[in-house]
Amino acid sequence: MSFGLMALGYELGDEVPVLDVAAEYTEDIERVRTYASRYMHRCPEGVGLTDLSYRAVRKALDAAGTDAGDIDLLVLAVTDITEYLYWDAAASLLHRLGADGAEAVLLTQACSSGVAAFDLVAGKFATHPEYRTAVVVAASRVAEPYWNRLETGAGCFSDGAVAAVARRGHDRLRWRASDITTDGTYVDFFRLDAGGAAAPFGTPGAAGGAPRVRGIAEVKEYFGDDHEKISAFGTHARNQYRLVVERACKRAGVDFTDLARLNLPFDNQPAMAGLVAALDFPAERTNLSLAEDYGHLGAADPLFALARDVEHNALRQGDHVALAAVGRGMSWASAVFEV
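Residues numbered from 1 in each chain as written. Predicted model: local features only at pLDDT ≥ 70, side-chain atom pairs only at ≥ 80, totals over all residues. Heavy atoms only, no water.

**Student:** Give me the packing of aromatic side chains: which residues, what numbers.
**Tutor:** Applying the stated rule across the entire model yields 20 aromatic pairs. Ring geometry for Phe-189 versus Tyr-222: centroids 5.1 Å apart, planes at 85°, classification edge-to-face. A residue pair is termed long-range when its members are at least 10 positions apart, and Phe-189 in the loop between β8 (174-182) and α6 (216-222) and Tyr-222 in helix α6 qualify at 33 residues. Residue classification places Phe-189 among the buried residues on the basis of a relative accessible area of 11%. Accessibility expressed as a relative area gives 46% for Tyr-222, which makes it partly exposed. Members of the aromatic cluster, each reached through a chain of ring pairs, are Tyr-186, Phe-189, Tyr-222, Phe-223 and Phe-233. Sitting above the plane of the Tyr-54 ring, Arg-96 keeps its charged end 4.6 Å from the centroid. (Phe/Tyr/Trp six-rings, centres within 6.5 Å; stacked < 30°, edge-to-face > 60°. Helix = DSSP H or I, 4+ residues; strand = E, 2+ residues; numbered from the N terminus. Buried < 20%, exposed > 50% of the residue type's maximum accessible area, 1.4 Å probe, protein only. Lys NZ or Arg CZ within 6 Å of the ring centre and 35° of its normal.)

**Student:** How would you sum up the pattern of salt bridges? Please name residues and give values.
**Tutor:** Per the stated rule, a full pass over the model turns up 23 salt bridges. Put simply, Arg-96 and Asp-51 hold a salt bridge, and the shortest N to O gap is 2.8 Å. Highlighted residues: Arg-96 in helix α4 (residues 89-97) and Asp-51 in helix α3 (residues 49-64), separated in sequence by 45 residues. With a relative accessible area of 16%, Asp-51 lands in the buried category. We note a salt bridge from Arg-149 to Glu-144, for which the minimum N-O separation is 3.0 Å. Residues joined in a network through salt bridges with shared partners are Arg-141, Glu-144, Arg-149 and Asp-159. (Salt bridge = Lys/Arg side-chain N within 4 Å of Asp/Glu carboxyl O.)

**Student:** Describe in detail the packing of α3 against α4, supporting the description with residues and values.
**Tutor:** Look at α3 against α4: their axes get within 10 Å of each other, and the N-to-C directions meet at 45°. Relative to α4, α3 is oriented oblique. For the crossing formed where α3 meets α4, the hand is right-handed. Only Ala-89, Leu-93, Arg-96 and Leu-97 of α4 make contact with α3, whose side of the interface consists of Thr-50, Asp-51, Ser-53, Tyr-54, Val-57 and Arg-58. (Axes fitted to C-alpha atoms, helices over the stretch in contact; angles between N-to-C directions. Parallel < 35°, antiparallel > 145°, perpendicular 65-115°, else oblique. Left-handed = near helix turned anticlockwise from the far one by under 90°. Contact = heavy atoms within 4.5 Å.)

**Student:** For the layout of surface pockets, give the residues involved together with the corresponding values.
**Tutor:** In this structure, the second largest pocket encloses a volume near 780 Å³. The wall of the second largest pocket is formed by 26 residues, among which Ile-81, Leu-85, Thr-108, Leu-192 and Arg-328 lie closest to the centre. Classifying every residue of the lining of the second largest pocket by side-chain character gives 16 nonpolar, six polar and four charged. (1 Å grid on protein atoms, 1.4 Å probe; cavity = no way out; pocket = protein on both sides within 12 Å on 5 of 7 lines; lining within 4 Å. Points joined across faces, edges and corners; volume = space filled by probe spheres on them. Nonpolar A, V, L, I, M, F, W, Y, C, P; charged D, E, K, R; others polar.)

**Student:** Please set out the nonpolar core residue by residue, giving values where relevant.
**Tutor:** Nonpolar side chains tend to gather and get buried jointly when the protein is soluble and globular. Counting residues in hydrophobic clusters, the biggest one holds 75 residues, and the most contacted among them are Phe-118, Val-245, Leu-264, Phe-266, Leu-303 and Leu-306. In terms of residues, this core owes the most to one element, helix α7 (residues 227-252), which gives eight residues. Ignoring any residue separated from it by four or fewer positions in sequence, one finds Leu-303 in contact with Leu-8, Phe-118, Ala-138, Val-162, Ala-164 and Leu-323. (Core = buried A, V, L, I, M, F, W, Y, C linked by side-chain atoms within 4.5 Å.)

And the structure:
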């Protein structure tokens, strides 16, 4: 199935220096210093995930010189919960764009969803020969009542959305292959214990007070704070990254070492540098240096890095670029594009 990306657009929250606002989220400022992250991006109150997504899509459509009426398929990939429960944010976004009548799909496997979305687009194009234009939106808007930007995960969590306009037969930034693998062993990591059918909000079985997503502290507790077990889990996660990228590369007919760019999730600098080193890939051909100025944009990270590569003319015709991510589940995903 041949399709390429006509254009990308993005919308970010307001840039704030991490150390200037760290005390709003945690007392452990020294831990935050170790992240070596300079900035993160926060939306003001009242700006939701679909607001960010709408603005990103409009920018991408304008850059592509096309109209919302041309959309056949919209895929919205989200990191956190959307503005409402029991609500289809993808359908809402499609309606707001003025594209009712197209197909809308909502992906919710968190940070892997933005990369996995391209595999879904390839499948939809294969089974719907009448589809010509698809829009992929990867968006992150931290739900602050449930998720602490500097404590729940081991990094700085930001708000932002990136949109890509995909066109059947387009010969620029052609999708070549994808790969996804899932390991459900760790499915309860970063779970919100209240609010679901098993423990609705306000019931005795739900968490007392304001519910919070399980975070890094609970991950350490899962492993009994055993550093050897935690290290083994980290090795397993890095191996899964390598697995999905290599399998996608093999399908695309390119060697892992020949990739011009490998765009990974934005993490704190030591963790991300460790992943790059473990993958044995040149750091200068990754988005490592970009990450320190943006914080973790969830599902949008690798696609944002690609948008920046395009924006700064960092890619040459014939280059192969791989996007890779991991999300709750846990699921690892990769997609390879040829410039």
